[in-house]
Amino acid sequence: MDKIALTLLIIGGLNWGSIGIFGFDIVGWIFGGQLSAGSRIVFVIVGLAALWCIRLLFHDNEEDKHVQTVK
C-alpha cells in the first residue's frame, strides 16, 4: 500500500510541476477539464494517498532497524 500511495503522490507531484512550469494540467487534459468527474476522482485519490503517507513520517521502518542491528 505504501508503494501505491507513493506512486500516486509522484503522479500528483508531476502534475503540479507541469501546472507550475507550463501552466498545463495533465490530469485535467486527460479527463476533460479540472472539474470533470474523472479529474476530481484522481485528485481525491491523490489526496488520500498523501494522507496515507503522512504516517510514514512517524513510522519506524523494520528494515532500517534490522540493518542497524546487523552492522
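Residues numbered from 1 in each chain as written. Predicted model: local features only at pLDDT ≥ 70, side-chain atom pairs only at ≥ 80, totals over all residues. Heavy atoms only, no water.

## So, the overall build of the protein
Line of reasoning, step 1. When you go through the protein residue by residue, the secondary structure sums to four helices and zero strands.
Line of reasoning, step 2. Counting the 71 residues in the protein, one finds 18% classified as buried.
Line of reasoning, step 3. Element-wise, carbon and sulfur atoms account for 70% of the exposed surface of the protein, whose accessible area totals about 5800 Å². (Helix = DSSP H or I, 4+ residues; strand = E, 2+ residues; numbered from the N terminus. Buried < 20%, exposed > 50% of the residue type's maximum accessible area, 1.4 Å probe, protein only. Areas by Shrake-Rupley, 256 points an atom, 1.4 Å probe, with all protein chains shown as cover.)

## Side note on the pattern of salt bridges
Line of reasoning, step 1. Applying the stated criterion across every chain yields a total of one salt bridge.
Line of reasoning, step 2. Residue Asp2 pairs with Arg55 through a salt bridge whose shortest N-O separation is 2.5 Å. Note that Asp2 is positioned in helix α1 (residues 2-22) and Arg55 in the loop between α3 (37-54) and α4 (62-70), a separation of 53 residues in sequence.
Line of reasoning, step 3. Judged by its relative accessible area of 31%, Arg55 is partly exposed. (Salt bridge = Lys/Arg side-chain N within 4 Å of Asp/Glu carboxyl O.)

## Regarding α3
Line of reasoning, step 1. Taking 1.5 Å per residue as the helical rise, α3 with its 18 residues ought to reach 26 Å, and the 26 Å between its terminal C-alpha atoms agrees with that figure.
Line of reasoning, step 2. Among the residues of α3, Ser39, Val42, Val46, Ala49 and Cys53 are the ones counted as buried. Down the axis of α3, the buried side of the element spans an arc of 85°, and every buried residue falls inside it. Among the exposed residues of α3, those pointing more than 90 degrees away from its buried face are Ala37, Ile41, Val44, Leu48 and Leu51.
Line of reasoning, step 3. Tucked into the core, α3 has its buried residues touching α1 and α2 (26-31). (Expected span 1.5 Å × (residues − 1). Arc of directions from axis to C-beta. Contact = heavy atoms within 4.5 Å.)

## Focus on α1
Line of reasoning, step 1. For α1, which comprises 21 residues, the first-to-last C-alpha distance of 30 Å matches the rise-based estimate of 30 Å (1.5 Å per residue) to within 8%.
Line of reasoning, step 2. Taken residue by residue, α1 has Ala5, Gly12, Asn15 and Ser18 as its buried positions. Along the axis of α1, the buried residues cluster in a sector spanning 145°; they form a single face. Turned more than 90 degrees away from the buried face of α1, the exposed residues are Lys3, Leu14, Gly20, Ile21 and Phe22.

In short, shape yes, function no, at least from these values alone.
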